[in-house]
Every structure is written in C-alpha cells, then in structure tokens.
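Overview (structure and organization)
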Amino acid sequence: MIHYMKLGSVPPKHHVTHYEDGKLLMEQCMTRIGFDSTYSILYYRTPPTDECAVRSMELPGFCPIAPVKDQPLHRRHIRTQDLKVDGDFLTARRTLLMNDDIRVGIAKVNQPANHWFSNGEGDECWFAYDGGGTLESVYGLLPFKKHDYVIIPKGTPYRLHPEGCKGVFLTFESDSHIDLPKQFRNESGQITMDAPYCHRDFRVPQELVRFDKSRHGSGPYPLIVKLGNELTVHEFQHFPWEVAGWDGTVYPVAFNIHDYQPRTASIHLPPTIHITFAGRGFVICSFVPRKVDYFDRDGVKAIPCPYGHASVDCDEILYYVEGNFTSRKGIESQSISLHPMGVPHGPHPGTYEKSIGKDRTSELAVMCDTFKPLRLTSAACAIEDKDYHYTWVKRENEAMETSK
Ligand SMILES: [Fe+2]
C-alpha cells in the first residue's frame, strides 16, 4: 500500500518453483481490483485452502449490524468513554456509526486475542488510543505504539494483541480500500515531497509468524471471515498462516499520528487540509498540535477557530483524543461528535472570540468525513449525550446572563 517490500524467502520470478527443505511451497497471489491493481505474493508452508468445516456465527454489536430506525436529523455527541464491553480485539468491538461505505466503531479490549479474523468487505484502520501492541498477520508481526494508525488490508487473516491484553481503539471498517490520497503520490507512486508524511514514517511487518503450539494451539484453527454483513467460521486442519516469505505492495502498515506534518496558513485552512487517508466515500484526517493562523495587519487578525460551516455534501465526525479542542465545550477525550449534512455547525459560543491572538493549539483528534449520511447503531444510541444538539443555545443564554 505504501511501497514495494519483501520479507523472508521468495523465488527469483513469480509463479515458479520455490522449495523449503525439499518441500514445494504454495504460492498465493493477494490481488486488488481483480488482477489489475496492487498485489502481494505469499509462499505458504501449508496451503491456506484445507478447511475441514465451515459454519455461520454472529457477534452482537459487530456483525450482523444495522442502524437504528427513525433517527431525527441533528448534531450528535456519542460518549464512547461510557461504553462498557469485555472481550478480545474482535468480541470487544462495537460498531457505532455506519453507512454503505464505512463503519466506525470502538474496541475496548481486556482479554487476550482468542480469534483469527479476516475482513472480506474492505480495509480496516485501527487507531490506538491509549497504548501499543502487535498486529499478528499472515504478513508477519507488526509492532504498533500509542496513537498509531494501523491499516489492515482487506482479506488479511490477523489477530491484534494490545500490550497487557488491554487497549482502547477507534476502528474504521471500509467497504473499499484505505490508502494515501492520490494527490500525495507522484506518477511513480512515490510519496511527493510536499505530502504531510514520507515513506520513512510508515512502519511495516518486522518478522514472519512461526507456528508455536503454545501460542497458536493444536487445531483445528478457526478463521472468522466477514463478508456481506455476515460472519462465517472456516476451520483449518493445519495452522494456515505461516509463510516462508512474501513480496509486493499489499500488507499492513503502522503510522503514528504525531508523525503527521500539519499545515497552517496565515488564514484558516479548511479542515480537509489535515487529510491523512482516503477510501471510497470517506476521508480520515489528523488534527495534531500545531501553530495556528497568524494573519495580523492593521488591527485585522486571523481567527484560528473554525468558522461556522455547512458542508452540505458531508457528514463529519471527530474523535477527541487529547488537548483542548478549540471550538468545542463539554466534549471530553474519547467523545465522538457527529455533525451531519443538512444542518450547519460551528464553534460553541465563546470559543470563536477566545481563539483570536492564540499562537498554538494542543488538540489531538481524528476526523472522518463521509459523503453518505452516517446512521447510529443501538450501541451508539445507548451512550449518546441527547442534549448535545442544543448546547449552542444553552451556552448562548448562559453567556447573555453572565453579561447582564
Ligand atoms: Fe466541521
């Protein structure tokens, strides 16, 4: 997804014999958009096709999933800090917001990884809110750290191990691919010099997975596959995720939000200037600590706080991580705000004026803009701050009373 890479042993050409200790390895091509786009080629010790059983399963709150009916249009505040769940990276995952292009959720992991999972619907992006860990996948072991984005390609069998088996994650589950925006690549696919990151910022799998009975068990080996809003369990007789080597451009990567190089101008730039990743029907943006807008001439100054806006074709969500968010009051770390198309939004009263003359912001947040409306699931409704839509009015009245 980022650049060509090779790990382990691969033969000199595609589709030729490749032996290990006298045994012919099984080549698997992982291709995207048919056979026309990016791909990787993996060499398996055991063919990943020897399933001995297939059955259906359900994970309530994750799959199958549907939005709540009858959702009046208004601004939302989902208090994910109030979400109570137990489980591993898969069973402790709850989908909160969804449309046809993307599903946004939270995983609050408090148990060791007990499943292997493969998302056949699209790429996933995990944001590590409070700690690091390791992504174990067919591509190898990828260590990640606090505030990393971890991108996992569609169709990748994986497990996610947070340090100490505990961690909070914001999850994006696409119905397509998640990649760098096209404008940040030159005609050769290299990241351009004026992009907000460079190739060196993206970390890749470090070592291949070796089968270890104490860690992987004695089989059969179940893989939970998600496709078409359904889960299917595929049981393998032999441990199927051990490869001798692979090469290509499809593999998981980790990128730390603090390595994002933010843009500031003399006058406020639109929020999408913070774009980090893009998929079909959505973008993911990073708000990181930075200097703010500095226009100051003849007594006229820039207003660093965002202006009121009606982005009429987008829903916008923000996941607040750290720092004081310039335009919001009553929002805490782990809050998600949803400002939908059809309704304008802007800074809370007082924050607009207060930002004038400010030099820096310490805010750290992840934004996602979608081109189709997002709908809440029942898990989101259960932790929603129902008064959020009216907080502008209330605070205005409060401000008027104070000034009397
Ligand atoms: Fe906005």
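For the structure itself, consult the block above.
An account of the accompanying structure is given in this report. Everything numeric in this text was worked out from a predicted model, so none of it was measured.

**Focus on the overall build of the protein**
Each helix and strand in the protein was counted, giving four helices and 30 strands. Scaling as 2.2 N^0.38, a compact globule of 404 residues should have a C-alpha radius of gyration of about 22 Å, and the protein matches this with 23 Å. The principal-axis extent of the C-alpha atoms belonging to the protein is close to 85 × 45 × 35 Å. For the protein, the proportion of its 404 residues judged to be buried stands at 52%. Long-range contacts, defined as pairs at least 24 residues apart, comprise 75% of the intrachain contacts of the protein with a sequence gap of at least 6. A total of about 18500 Å² of accessible surface is found on the protein, and carbon and sulfur atoms cover 52% of it. With 45 positive and 51 negative side-chain charges, the protein shows a separation of 3 Å between the mean positions of the two kinds.

**Description of the sheet that holds strand 1 (residues 5-8)**
Here we have four strands laid out as an open sheet, ordered 1-19-5-4, and antiparallel in their pairing. Taken across any chain shown, the strands that pair with only one partner, and hence form the sheet edges, are strand 1 and strand 4 (26-31). For this sheet the average axis-to-axis angle between neighbouring strands, irrespective of direction, equals 15 degrees.

**Description of the coordination of the iron ion**
Protein coordination of the iron ion is provided by His 309 (NE2), Glu 316 (OE), Glu 316 (OE) and His 345 (NE2), with donor distances spanning 2.0 to 2.5 Å. In this structure, the iron ion is surrounded by four donor atoms whose angles at the metal cover 55 to 172 degrees, and the resulting shape is irregular. Positions of the donor residues of the iron ion, expressed as sequence spacing, correspond to H-x6-E-x28-H. Taken as a pair, His 309 in the loop between strand 25 (300-301) and strand 26 (315-322) and His 345 in the loop between strand 27 (335-339) and helix 2 (351-354) lie far apart in primary sequence, 36 residues in all. With respect to burial, His 309 and His 345 carry one shared label: buried.

**Topic: the environment of Thr 272**
Along the chain, Thr 272 turns up in the loop between strand 20 (253-256) and strand 21 (275-279). A sequence separation of 32 residues divides Thr 272 from Pro 304, and the C-alpha atoms of the two residues are 15 Å apart.

**Let's talk about the sheet that holds strand 20**
One open sheet holds the seven strands; their spatial order is 20-14-11-16-9-8-30, and the pairing between them is antiparallel. Looking at strand neighbours, the two that pair on one side only are strand 20 and strand 30 (375-376), the edges of this open sheet. Bridge count between strand 11 (residues 124-128) and strand 14 (residues 148-152): four bridges; the pairing is antiparallel. Within strand 14, the residue paired with Cys 125 across the bridge is Ile 151.

**Here we look at the nonpolar core**
Leu 97, Phe 172 and Tyr 319 are the most contacted members of the largest nonpolar core, which has 78 residues in total. Setting aside chain neighbours within four positions, we find Leu 97 in contact with Ile 78, Ile 102, Arg 103, Val 104, Ile 317, Ile 336, Leu 338, Leu 374, Arg 375, Leu 376 and Thr 377. Among the nonpolar cores identified, the runner-up in size contains 23 residues, and Phe 62, Ala 107, Val 150 and Ile 152 belong to it.

**Topic: the packing of aromatic side chains**
Following the criterion strictly, the structure yields 26 aromatic pairs and no others. Both rings, one in Trp 116 and one in Phe 239, keep their centres 6.0 Å apart while their planes meet at 75 degrees; by these two values the pair is edge-to-face. In this pair, Trp 116 is assigned in strand 10 (residues 116-119) and Phe 239 in the loop between strand 18 (230-236) and strand 19 (243-248), connecting sequence segments 123 residues apart. Over the ring of Trp 392 we find Arg 75, and its NZ or CZ is 4.4 Å from the ring centre. Of note, Lys 226 hangs over the ring of Phe 62, and the distance from its end group to the ring centre comes to 5.5 Å.

**Some points on the pattern of salt bridges**
What the rule picks out here adds up to 24 salt bridges. Of the charged contacts in the structure, one is a salt bridge between Lys 386 and Glu 384, with a shortest N-O distance of 3.5 Å. Through salt bridges with shared partners, a single ionic network connects Arg 93, Arg 103, Glu 121, Glu 124, Glu 173, Asp 175, Lys 226 and Arg 280.

**Some points on unusual backbone geometry**
Along the chain, Cys 63 connects to Pro 64 via a cis peptide bond; the corresponding omega equals 0 degrees. For Pro 64, the position within the fold is in the loop between strand 6 (51-57) and strand 7 (76-79). Cis geometry is found at the peptide bond from Gly 219 to Pro 220, where omega equals 0 degrees. With respect to the helices and strands, the residue Pro 220 is situated in the loop between helix 1 (213-216) and strand 17 (221-227). The backbone phi angle of Asp 70 is positive, close to 55 degrees, even though this residue is not glycine. The residue Asp 70 is located in the loop between strand 6 and strand 7 in this model. Located in the positive-phi region is Asn 229, a residue other than glycine, with phi close to 60 degrees.

**Section: the environment of Ile 65**
Mapping Ile 65 onto the fold places it in the loop between strand 6 and strand 7. Taking C-alpha positions, Ile 65 is 21 Å from Val 168, a pair spaced 103 residues apart along the chain. Filtering out sequence-adjacent residues up to four positions away, Ile 65 remains in contact with Thr 95, Met 98, Arg 103, Asn 229 and Thr 377.

**Quick look at the pairing of strand 14**
Residues in a regular strand project their side chains so that they alternate between the two faces of the sheet. Of all five residues in strand 14, five are buried, a share of seventy percent or more. Judged by which residues are buried, strand 14 turns out to be covered on both faces: Asp 148, Val 150 and Ile 152 on one side and Tyr 149 and Ile 151 on the other are all buried. Where strand 14 lies against strand 20, four bridges are found, and the strand directions are antiparallel. Counterpart to Val 150 in the pairing with strand 20 is Ala 254.

**A word on the pairing of strand 11**
Of all five residues in strand 11, five are buried; the element is thus mostly enclosed. The pairing of strand 11 with strand 16 (residues 167-174) spans five bridges and is classified as antiparallel. In the sheet register, Glu 124 faces strand 16, and the bridge partner there is Glu 173.

Criteria and cut-off values
- Residues numbered from 1 in each chain as written.
- Predicted model: local features only at pLDDT ≥ 70, side-chain atom pairs only at ≥ 80, totals over all residues.
- Heavy atoms only, no water.
- Helix = DSSP H or I, 4+ residues; strand = E, 2+ residues; numbered from the N terminus.
- Rg over C-alpha atoms; globule rule 2.2 N^0.38 Å.
- Buried < 20%, exposed > 50% of the residue type's maximum accessible area, 1.4 Å probe, protein only.
- Contact = heavy atoms within 4.5 Å.
- Areas by Shrake-Rupley, 256 points an atom, 1.4 Å probe, with all protein chains shown as cover.
- Lys, Arg positive; Asp, Glu negative; His and termini not counted.
- Charge placed at Lys NZ, Arg CZ, Asp CG, Glu CD.
- Pairing = 2+ DSSP bridges.
- Axes fitted to C-alpha atoms, helices over the stretch in contact; angles between N-to-C directions.
- Donors = N, O, S within 2.8 Å, 3.2 Å for Na, K, Ca; no water.
- Tetrahedral: all angles 85-135°; square planar, octahedral: opposite > 155°, others 65-115°.
- Core = buried A, V, L, I, M, F, W, Y, C linked by side-chain atoms within 4.5 Å.
- Phe/Tyr/Trp six-rings, centres within 6.5 Å; stacked < 30°, edge-to-face > 60°.
- Lys NZ or Arg CZ within 6 Å of the ring centre and 35° of its normal.
- Salt bridge = Lys/Arg side-chain N within 4 Å of Asp/Glu carboxyl O.

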